Amino acid sequence: MTRWVLSHRLPVVLFWVVLTLTGGALAGSTIDKLSYESRLPDKQSQAANDALAQRFSGTGGKNAPLLLVVTVPQGTSVDDADVRRQWGALVAKVTPRGGRSVSSATPGGESLVSKDQRTTVALVYPPANRSNAPYAESLPGIQAAVAQAKIAGAPVELTGQPVLSGRDSGAARSPIYETLIGALGALVVLALVFASGLAVVPLLMAAVAIPTTFLLVRGITGITDVSFIVQFLVALIGLGIAIDYALLIVTRWREERQKPGSDGADPEARREAVVRAVASAGRAVVLSGATVAISLAALVVLPVPFLRSVGYAGLLIPLVSVAIAVTLLPVMLYTLGDKLDRPRRTHRPDSKLWGRIAGLTTRRPALCAVLSGAVLLAVAAPVLALRLGQPATVTLAQGGKPAAAFQRIVDAGFGEGIARPLEVTVDAGGADALHGKLAGLDGVAGSAAPGEWTGGGQRVIDVWTQADPSSSDGRDTVTKVMDLAQDTPGALAGGGPATDVDFIDAVYGSLGLILVFVALLTFVVLARTLHSVVLPIKALILNALSTCAAYGVIVLVWQKGYGSEALFDTPAIGAVTIWIPMAVFAFLFGLSMDYEVFILHRIRETHLELTAEGERDTVVPSVVTGISRTGRLVTSAALILFLAFTALASIPITDVKVFATALAAGIVIDATVVRGLLTPALVTLLGRANWWFPRSLARVLVTTPERAPGPRTRPAGDDTAGHEGQVAGASAAAPTPQAGPQSRA
């Protein structure tokens, strides 16, 4: 295919230029088409929230209420007639047109008075807009009114999750700023890697990939809702992946340009260098793109439109990047590669540092495997304390008047769940009976069912838990409320806590089957390419461990709070939002597999070359060559992705920060501990078993038997002595393997 591409350079370039310009011109309107909706089809909570939106002007549902609280002076009771009148008037004043509210001043709000009769709370549900700041229109006016209000001489405070988590509702903006920051960091890394004008080539490929992917996302928005989070993923993860794939091929092209037959200035030599580079490195890129796409398929099969849309966009990122890397990039290298690769000098493909690391690892493989495995397990251990759910309100309440006000509500005995009540809809005739049953459930701290909350023959009952709904005890109570509603004809339980329970069921209910599907498909792809049973199994196990390590980091940083303030100037949230672990798995499993593929592909090339030369003990020299040739590349690629994820973490949305933290930590752990130490150690320990591939399995996977390539050719003027010393130090075995033009499998 590469020869065909090089023979049709102008059409190829024009094709990508048209897509890039069109995608760039339409990027703004594409972002405008993205959705802030997160629906759960065929779930009780979604049906309840839809009924609330339809009958009660879009109030409530999964949007938590604003809380007004006042504590009257000693000797005064909130049940005094004058206090009730003032309180009722204030609540009515701050409730926007179309909104609804309940307080102790109205029938149905009896639970909103503390036992000592001095503290009372009101729940206010303004009409919500469809964005990540649902109360943006009404909140400023409410805050202004409350700031001037006093009841019996006592100040009124405004709190609740929408106020306490206001940091989550940063101003909507496109990801251009973060993308530029990530691109600048990538350019610095690329300049250090290439020390020539070639540094701009991977960035040019990313500049084509990102708008093209946005153009394809625009097409998806015409079919289904696409989450607003996708814009950040396409821009920043797309930046990292496109650069990584281009980096791999450009590095191999530069290596090929120093070998006999492809080192001349004539067109045929330039063509041969590109063809060889794409045939070897391009194959690894295609395999890497396939593994990323397979892992992202886990999101596509979920019955959650929000995550499905993330999966669709995620699939496009590696597919577009691969397409560009094997079509446009070869044209660029053939046409401009030599002109950009200046100053011209001989480039040594082996890294002395990584050669020494590989030599050490292969000399003491058991020790390296035990130590690096222990580090990996230690980092992953906190995952055992992972708590899924929305942030606990008390963890949001850290500093400031709203935080102090909510703490006063909890201290007065109203229960932590009042910040996120369940909202139960029921036929108006049966509301009083159901209200009584709900109020009597264990773990329920209070309830409210004002008569004004009636519409279309339905009435709303708010129920809140003593413990926070995202805690274990709180979730048990939420489940009891949902079960009671389900057993009551005409009743449905909605609100944020019910949505969380249904979300967990939808996302993780079939987790086992999804993991088996992803693992089996990944195994098939890797086994067909690597002609091995052992290497794909090892890769899957290590990927699972590195993903767990990423989970461990977000538990420590975001759930436990070790570093969230210092690193992100954001308090810990006490829980991990439900969708994040699944999305992290889908992206990180595939991205980290990239590095495994790069390394194993090069190790296999060397193994085949040594086998063709009659060598029997190929394991140690293959590992040393594979690591020394890919270590610098993997480190650079990981650093570029890390910078992209760091830029992603600057988005003013806490969920995105948590997601980016997991990806960044996972990539760093994977590129250092896993691929730099654990992989070479395990490959060395497994020895000849690495290449076990029974003929029966080859027939099932429809692949050809393994054939060794012909004798290798060495680059002109290549000095192999240093590298031979590395291998000799690792094992008194074969001469140093050098990749040649026939090394592709």
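See above for the structure.
Residues numbered from 1 in each chain as written. Predicted model: local features only at pLDDT ≥ 70, side-chain atom pairs only at ≥ 80, totals over all residues. Heavy atoms only, no water.

Caption draft 1: Representation of the packing of helix α2 (residues 9-32) against helix α12 (residues 328-340). Close contact between α2 and α12 brings their axes to 10 Å; oriented N to C, the two are set at 125°. When the axes of α2 and α12 are compared, the pair comes out oblique. Relative to α12, the crossing made by α2 is left-handed. Seen from α2, the contacting residues are Arg9, Val12, Val13 and Trp16; seen from α12, they are Leu328, Val331, Tyr334 and Thr335. Of the residues contributing to the contact of α2 with α12, the split by class is 6 nonpolar, 1 polar and 1 charged. (Axes fitted to C-alpha atoms, helices over the stretch in contact; angles between N-to-C directions. Helix = DSSP H or I, 4+ residues; strand = E, 2+ residues; numbered from the N terminus. Parallel < 35°, antiparallel > 145°, perpendicular 65-115°, else oblique. Left-handed = near helix turned anticlockwise from the far one by under 90°. Contact = heavy atoms within 4.5 Å. Nonpolar A, V, L, I, M, F, W, Y, C, P; charged D, E, K, R; others polar.)

Caption draft 2: Local environment of the pairing of strand β3 (residues 119-125). In terms of residue burial, β3 counts as a mostly covered element, since 7 of its 7 residues are buried. Residues Thr119, Val121, Leu123 and Tyr125 line one face of β3 and the alternating positions Thr120, Ala122 and Val124 line the opposite face, and both faces are buried. Relative to β3, strand β1 (residues 66-71) runs antiparallel, the two sharing 6 bridges. Its bridge partner being in β3, Leu66 is matched across the sheet by Val124. Bridge count between strand β2 (residues 100-102) and β3: 3 bridges; the pairing is antiparallel. Paired with Val102 across the strands is Leu123, a residue of β3. (Buried < 20%, exposed > 50% of the residue type's maximum accessible area, 1.4 Å probe, protein only. Pairing = 2+ DSSP bridges.)

Caption draft 3: Structural detail: helix α25 (residues 654-686). Its maximal kink placed at Val674, α25 deviates by approximately 40°. Of all 33 residues that make up α25, 27 are buried, and the element is covered over most of its length. Following α25 by one or two positions, Gly687 adopts a phi angle in the positive range, close to 60°. (Bend = angle between axes of the 7 residues up to and from the residue.)

Caption draft 4: Local environment of the environment of Val597. Positionally, Val597 belongs in helix α23 (residues 579-612). Owing to a relative accessible area of 2%, Val597 belongs among the buried residues under this scheme. Among residues more than four places away in sequence, those in contact with Val597 are Ala284, Leu287, Ser288 and Leu526.

In short, the description is geometric, and any link to function would need to be established separately.
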